[in-house]
Amino acid sequence: MERVRDHRSEQEFVLEVSGHRAIAAYQLEGDTIVFTHTVVPAEIEGRGVGSRLIRGALDAVRDRRLKVVPQCTFVRAYIEKHPETRDLLA
């Protein structure tokens, strides 16, 4: 199984699947992480890649004790569908 990686220098979480990179871009603002947008290449859409990416990103955020501002509509929808992540909201 692929692992979600935090590329802090680029401020994005990355999940590589079948040679394609899905990303969740963010900006750190103190102890808050603002998710700005998510990109899943068309070649790997419809396979749950975006959800796996965001789940992994939110797990990392929880480990770092950050709060989330979901500017990105995909991240916002994921949090709405997964009540167990709502405590991360800023």
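Rules behind the numbers
In every chain, residue numbers begin from 1 and rise along the written sequence. The model is predicted, so local features are restricted to residues of pLDDT at least 70 and side-chain atom pairs to those at 80 or more, both for listing and for counting; the totals for chains, interfaces and linings are taken over all residues. Water and hydrogen atoms were dropped before computing side-chain values, which therefore reflect all heavy atoms in the structure. If DSSP finds at least two bridges between two strands, the strands pair. Where helices and strands are cited, they refer to DSSP runs of H or I of at least four residues and of E of at least two residues respectively, numbered from the N terminus. Think of each axis as a best-fit line through the C-alpha atoms, taken over the contacting stretch in the case of a helix, with angles from 0 to 180 degrees between the N-to-C directions. Between two residues, a contact is recorded if the distance between any of their heavy atoms is within 4.5 Å. Salt bridge criterion: a side-chain nitrogen from Lys or Arg within 4 Å of a carboxyl oxygen from Asp or Glu. Buried means the residue's accessible area, taken with a 1.4 Å probe over protein chains only, is under 20% of the maximum for its type, while exposed means over 50%, and partly exposed covers the values in between.

Enquirer: Looking at this structure, how should I read the sheet that holds strand 2 (residues 12-17)?
Expert: Paired through backbone hydrogen bonds, the strands of a sheet run either parallel or antiparallel to each other. Across the sheet, five strands lie side by side as 1-2-3-4-5; this open sheet has mixed pairing. The open sheet has two edge strands, strand 1 (5-7) and strand 5 (67-70), and neither has a second partner. Averaged over all pairs of adjacent strands, the angle between strand axes in this sheet comes to 30°, irrespective of strand direction. The sheet contact formed by strand 1 and strand 2 spans three bridges and is antiparallel. Opposite Arg-5, over in strand 2, you have Val-14 as the bridge partner. Of the strands in this sheet, strand 2, strand 3 (20-29), strand 4 (32-39) and strand 5 are in contact with helix 1 (residues 49-63), which crosses strand 2 at around 140°. Set on the sheet, helix 2 (residues 73-81) makes contact with strand 4 and strand 5; between it and strand 5 the angle comes to about 120°.

Enquirer: Explain the pattern of salt bridges here, please?
Expert: Pairs can form between side chains of opposite charge once their charged atoms are near each other. The tally for this structure, following the rule as stated, stands at five salt bridges. For Arg-8, the salt bridge goes to Asp-6, with nearest N and O atoms at 3.4 Å. On the accessibility criterion, Asp-6 (24% relative accessible area) is partly exposed. Note that Asp-87 and Arg-62 form a salt bridge whose closest N and O atoms lie 2.7 Å from each other. Here Asp-87, found in the segment after helix 2, pairs with Arg-62, found in helix 1; they are 25 residues apart in sequence, far enough to count as distant. You can call Arg-62 partly exposed: its relative accessible area is 35%. Taken together, the salt bridges that share partners define one network made up of Asp-6, Arg-8 and Arg-64.

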